[in-house]
Amino acid sequence: MPSTVWVKVVGFSAVERHSINTLLRLSMRQTPTYSLWTADAPAPPHVSLIDLDCHQAEVEMASPTFNPHQKVIAVGSKPHDQAWRCYQRPVDWNVIVQALDGLFASQAGLDSDSERDDLGEVTVPPGVRVTLLVGMKPQERLYLRARLALAGLTDVDEADSAERAGPYVSSRRYDVVIISLQLVDADPWALVQAFNSMLSPPQAVIVATEKPSWLVMEHADQSGCIGLLEIPFNPPQVLQLLQKV
């Protein structure tokens, strides 16, 4: 769990903004610390606080850069189906802070962003999604880490082979898995099938290849992948695919 949770605030009156800023400043005394997200922040926002009664909210949630899987706390006269929590005015800001704490409050004894439960499985706090990269070259994994971070996926494990991915898979549940079709120690399509056949499968399985073709794209679709990435990576393609995650 990050020690600082970045909160993006969209809309709200000057008085409401003052209340929000005051509560964020008070959180400096606790863990995690909630900080107002700005474009020059060192990380993408972890959660958005959106005023549904303003035009900015419509623009924000219709933007192609809006991550539909990011947690949204909404305030407004009508609920929104994309919001994780909805509240009406007058706003009880303490209730909103309690909601944030329920989502992001650190757990005692966490090791980095995770801890092991009684069965030895590594668990993560609510709201944190985990990614596994399998079989790619170091520079490819480095690039994907950067793009994943921009999409709000900062907890990433890397394995350069299927064998090395085994211990990760046995101890954690992954939300996103990206597999290279140039994997040398296992059949990558069999690995795709194994992930999609799990009792609790990843939300998204993606394949990456140095040899893209229509046949490979069809195979990926039929195998339950949400998409295919071409190597060398095409930034617009990567951005478009990660928006589906």
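This text gives an overview of the structure that appears in the document. Keep in mind it's a predicted model, so treat the numbers as computed, not measured.

**Observations concerning the pairing of strand β11 (residues 204–209)**
Okay, so step 1: Buried residues dominate β11, accounting for six of its six residues.
Okay, so step 2: Burial along β11 is two-sided: the residues Ala204, Ile206 and Ala208 and Val205, Val207 and Thr209 are all buried.
Okay, so step 3: Taking the sense of rotation as the criterion, the β-α-β connection linking strand β10 (residues 176–180), helix α6 (residues 188–196) and β11 turns out right-handed.
Okay, so step 4: Bridging between β11 and strand β12 (residues 227–230) involves four bridges; their strand directions are parallel. Across the sheet, the residue bridging to alanine 208 is leucine 229, located in β12.
Okay, so step 5: Handedness of the crossover joining β11 and β12 through helix α7 (residues 214–222) is recorded here as right-handed.

**A few points about the nonpolar core**
Among soluble globular proteins, nonpolar side chains are generally buried collectively.
Okay, so step 1: Judged by nonpolar contacts, the single largest core of 21 residues is most densely connected at Ile179 and Val207.
Okay, so step 2: For this core, the elements supplying multiple residues, two or more each, are β8 (130–134), α5 (162–171), β10, α6, β11 and α7.
Okay, so step 3: Looking at this core, the element that brings in the most residues is α6, giving four residues.
Okay, so step 4: Beyond its immediate chain neighbours, meaning those up to four positions away, valine 207 contacts Ile179, Leu181, Trp189, Val192, Ala220, Cys225, Gly227, Leu228 and Leu229.

**Some details on helix α3 (residues 93–104)**
Okay, so step 1: Over its 12 residues, α3 runs 16 Å from end to end, which matches the ideal 16 Å to within 8%, given 1.5 Å per residue.
Okay, so step 2: Of the positions making up α3, those classed as buried are Trp93, Ile96, Ala99, Leu100, Leu103 and Phe104. Along the long axis of α3, the arc covered by the buried residues comes to 110°, so they all point the same way. Set apart from the buried face of α3 by more than 90 degrees, the exposed residues are Gln98 and Gly102.

**A closer look at the sheet that holds β8**
Remark on secondary structure: sheet strands pair via backbone hydrogen bonds, oriented parallel or antiparallel.
Okay, so step 1: In spatial order, the strands read β9-β8-β10-β11-β12; together these five strands make up an open sheet with parallel pairing. Each of the sheet's edge strands pairs with one partner strand only, and the pair in question is β9 (155–159) and β12. Strand-to-strand twist across the sheet, computed as the mean angle between neighbouring axes with direction ignored, equals 20°.

**Digging into helix α8 (residues 235–242)**
Okay, so step 1: By the burial criterion, the buried members of α8 are Gln237, Val238, Leu241 and Leu242. Projected down its long axis, α8 carries its buried residues within an arc of 125°, all on one side. Among the exposed residues of α8, those pointing more than 90 degrees away from its buried face are Pro236 and Gln240.
Okay, so step 2: Buried-residue contacts for α8 involve α4 (138–150), β11 and β12.

**Comments concerning the pattern of salt bridges**
Oppositely charged side chains may form a pair once their charged atoms are brought near each other.
Okay, so step 1: Counted under the stated rule, the structure contains 11 salt bridges.
Okay, so step 2: For glutamate 210, the salt bridge identified is with lysine 137, shortest N-O distance 3.5 Å. One end of the pair, glutamate 210, is in the loop between β11 and α7; the other, lysine 137, is in the loop between β8 and α4, with 73 residues separating them in the sequence.
Okay, so step 3: Where arginine 164 meets aspartate 160, a salt bridge forms, and the shortest distance between an N and an O atom there is 3.2 Å.

**Thoughts on the packing of α4 against α8**
Okay, so step 1: Contact geometry for α4 and α8: axes closest at 10 Å, N-to-C directions at 50°. In this view, α4 runs oblique relative to α8, as classed from their interaxial angle. You can see that α4 and α8 cross each other, and the crossing is right-handed. Touching Tyr143, Arg147 and Leu148 of α4 are Pro235, Val238, Leu239 and Leu242, all from α8.

**Overview of the pairing of β9**
Looking along a regular strand, one sees side chains alternate from face to face of the sheet.
Okay, so step 1: Burial runs high along β9: four of the five residues are buried.
Okay, so step 2: Pairing between β8 and β9: five bridges, direction parallel. Each bridged residue has a counterpart across the sheet, and for threonine 131 the counterpart in β9 is valine 156.
Okay, so step 3: Once the chain exits β8 it traverses α4 before rejoining the sheet at β9, and the crossover so formed is right-handed.

**Some remarks on the sheet that holds strand β2 (residues 33–36)**
Okay, so step 1: In space, the five strands of this open sheet follow the order β2-β1-β3-β4-β5, with parallel pairing throughout. Strand pairing shows two members of the sheet lacking a second neighbour, β2 and β5 (85–87), which therefore form its edges. Adjacent strand axes in the sheet meet at a mean angle of 25°, parallel and antiparallel pairs treated alike.
Okay, so step 2: Here strand β3 (residues 47–51) pairs with strand β4 (residues 71–75) via five bridges, running parallel. When the bridges of β4 are listed, aspartate 51 appears paired with valine 75.

Definitions and cut-offs
- Residues numbered from 1 in each chain as written.
- Predicted model: local features only at pLDDT ≥ 70, side-chain atom pairs only at ≥ 80, totals over all residues.
- Heavy atoms only, no water.
- Buried < 20%, exposed > 50% of the residue type's maximum accessible area, 1.4 Å probe, protein only.
- Helix = DSSP H or I, 4+ residues; strand = E, 2+ residues; numbered from the N terminus.
- Right-handed = clockwise from strand over helix to strand, strands pointing away.
- Pairing = 2+ DSSP bridges.
- Core = buried A, V, L, I, M, F, W, Y, C linked by side-chain atoms within 4.5 Å.
- Contact = heavy atoms within 4.5 Å.
- Expected span 1.5 Å × (residues − 1).
- Arc of directions from axis to C-beta.
- Axes fitted to C-alpha atoms, helices over the stretch in contact; angles between N-to-C directions.
- Salt bridge = Lys/Arg side-chain N within 4 Å of Asp/Glu carboxyl O.
- Parallel < 35°, antiparallel > 145°, perpendicular 65-115°, else oblique.
- Left-handed = near helix turned anticlockwise from the far one by under 90°.

So, to be careful, I would describe these as geometric facts and stop short of saying anything about function.
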